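Letter by letter, the chains look like this.
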Amino acid sequence: MPAKDILIIGAGLAGIASAWALRQRGHRVTVFDAHDGPAEETSFANAGALTPSEPEPWNAPGVHWQLLSSLADPHSPMKLRLKALPGLTPWGLRFLWNSRRPRFEAACRANFALSHHSLKLTQAVRDSEDLSFDSLRRGTLKICRDAPPPAVRDGINKTLADMGLTSEILDVEETLAREPLLEAVRDQIKGSVFHPLDESGDARAFTRALAEAAEAAGVRFEWQTRVQELVDRAGRIVGVRTETEEIEVEAIVLATGHASWKLLAPHGLHLPVRPVKGYSLTLDMSGLNERPGLPVVDEALHTIATPMGDRLRIAGTAEFTGEDRTLREDRVDNLRNLLRSLYPQIAEPLLAGDQKAWCGFRPMSADGRPFIGETRARGLWLVTGHGHLGWTQAMGSGDVLASLISDETPAIDATPFAATRI
């Protein structure tokens, strides 16, 4: 189809991946962002994991008990703050309703299909553009502390295996062979699940490198440009207003994470995406002789330890606290304690060195699936709501979005992600 003039609002992972995919199809693409460069919000210091092996939404069956018990537990990996309840109530009811097993399993399948497709595209652009981002291709290791992993995978896991998920059930000795540094906590591990196709790296470095490649390919970037409102004419979004001008284009893509509602609400579009705060702690490993060799997931704590070159990033926890950006020391302490529980022999030397704590907002949809596509307001497109799978699904989401805008058939079924469901 003829090339279109397309404006993308937001230069995080989703926005840059969409810009790349649209430009590859010949469209004229401009990206606006309020910051002075890409990846300054949720993409800044996330877990660094590319994990199709983790397609499960966080509203798994029984999540309501976790949230209720978290009210009295400051160390709960999934923490609900009472002050956030008024703003979370309508969304939260949908979040809980979608935790019913049939809907949860449907979301798992849809997320895996998108994640699996996305990882292939991430690998392809890494190789074709020679992107540098501390890429590690050693899989992920999910340790089991309370009970051995199941010998037979059934239910949703069997379905995902049929769709392409690869995993290996490891006993304690096999687990330690994969990650020898876990020897110090041998007596606390019952086994693990190894996912060989997962990858990892620095998501911010990836985003910035891809933005440079997109700019070289012809994408225009306008930094420190804040969009104040969308221009609506007879039910079609035809442009935007900034502090200094009004701009008209043929299509507008909102890639502004949980904050997308601010531009959508005046047009009667109520996006069921809310911020779920996550934390990370990045530590300098340059002085260590022994280092972790691959990402290790502790699912019970919703956390992951990811090696990134000379750095180790501990990331995770889920805090339902509205848009409170406070960097809470008790939540950072949870990450320090995870480090001690995983790698006691290197924890104190690492914690005695340079520490960079960070928190950011995952855009979490109520039904556990991102929004990708055109809204009921013609000309307005969404790519947001990826939750904990932001980097994992970024390239695939951009590809699906670009296919839809270009009147192509997407490589995967885009129906589960339709933006018309808001």
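Up top you'll find the structure we're talking about.
Just so it is clear, the model here is predicted, and its values are computed rather than measured. (Residues numbered from 1 in each chain as written. Predicted model: local features only at pLDDT ≥ 70, side-chain atom pairs only at ≥ 80, totals over all residues. Heavy atoms only, no water.)

1. Quick word on the pattern of salt bridges
Using the criterion set out here, one finds 33 salt bridges in the structure. For glutamate 348, the salt bridge goes to arginine 340, with nearest N and O atoms at 2.8 Å. Since its relative accessible area comes to 43%, glutamate 348 is described here as partly exposed. Put simply, Glu229, Arg233, Arg241, Glu246 and Glu248 are held in one network by salt bridges that share partners. (Salt bridge = Lys/Arg side-chain N within 4 Å of Asp/Glu carboxyl O. Buried < 20%, exposed > 50% of the residue type's maximum accessible area, 1.4 Å probe, protein only.)

2. Observations regarding the nonpolar core
Counting residues in each nonpolar core, the largest one holds 45 residues, and the members touching the most others are Ile8, Val31, Phe206, Leu210 and Val253. Counting residues per element, the ones that place at least two in this core are strand E1 (5–9), helix H1 (13–24), strand E2 (28–32), helix H4 (101–129), helix H7 (203–216), strand E13 (251–254), strand E20 (380–384) and helix H11 (390–405). Here phenylalanine 206 is in contact with Leu13, Thr122, Val125, Leu131, Phe133, Trp391 and Met395, once residues within four sequence places are set aside. Ranked by size, the runner-up nonpolar core spans 30 residues in total, among them Val332, Leu338, Leu339 and Ile346. (Core = buried A, V, L, I, M, F, W, Y, C linked by side-chain atoms within 4.5 Å. Helix = DSSP H or I, 4+ residues; strand = E, 2+ residues; numbered from the N terminus. Contact = heavy atoms within 4.5 Å.)

3. Remarks on the environment of serine 167
Mapped onto the elements, serine 167 comes out in the loop between helix H5 (155–163) and strand E6 (168–170). Each C-alpha atom, one on serine 167 and one on leucine 197, is 8.4 Å from the other, the two residues being 30 residues apart in sequence.

4. Comments concerning empty space enclosed by the protein
Where empty space is left in the structure can be found by rolling a water-sized probe over the atoms. Within this structure, the stated rule accounts for 1 cavity of 30 Å³ or more. Taken as a whole, the largest cavity holds about 70 Å³ of empty space. Lining the largest cavity are 14 residues, with Met364, Gly368, His386, Gly387 and His388 sitting closest to its centre. Of the residues forming the lining of the largest cavity, the biggest block, 3 residues, is contributed by strand E18 (residues 355–365). (1 Å grid on protein atoms, 1.4 Å probe; cavity = no way out; pocket = protein on both sides within 12 Å on 5 of 7 lines; lining within 4 Å. Points joined across faces, edges and corners; volume = space filled by probe spheres on them.)

5. Structural notes on the packing of aromatic side chains
Aromatic ring pairs are reported here in terms of the distance separating the ring centres and the angle at which the planes meet. Evaluated as defined, the whole model comprises 8 aromatic pairs. Ring plane angle 65° and centroid distance 5.9 Å describe the contact between phenylalanine 95 and phenylalanine 320, whose orientation is recorded as edge-to-face. Of this pair, phenylalanine 95 sits in helix H3 (residues 85–97) while phenylalanine 320 sits in strand E17 (residues 311–320), and the two are 225 residues apart along the sequence. Taken individually, phenylalanine 95 and phenylalanine 320 each receive the classification buried, so the pair is uniform in this respect. Each residue in the set Trp91, Phe95 and Phe320 is aromatic and connected to the rest through ring pairs, giving one cluster. Above the plane of the ring of phenylalanine 194 lies arginine 178, whose end atom (NZ or CZ) is 4.0 Å from the centre. (Phe/Tyr/Trp six-rings, centres within 6.5 Å; stacked < 30°, edge-to-face > 60°. Lys NZ or Arg CZ within 6 Å of the ring centre and 35° of its normal.)

6. Structural notes on the sheet that holds E2
What the 6 strands build is an open sheet, ordered E9-E2-E1-E13-E20-E19; its pairing is mixed. Whereas interior strands pair on both sides, the edge strands pair on one side only; in this sheet they are strand E9 (220–222) and strand E19 (371–374). Each strand axis lies, on average, 20° off the axis of its neighbour in the sheet, ignoring direction. Pairing analysis gives 4 bridges linking E19 to E20, with the strands arranged antiparallel. Looking at the pairing, glycine 373 lines up with leucine 382 of E20. (Pairing = 2+ DSSP bridges. Axes fitted to C-alpha atoms, helices over the stretch in contact; angles between N-to-C directions.)

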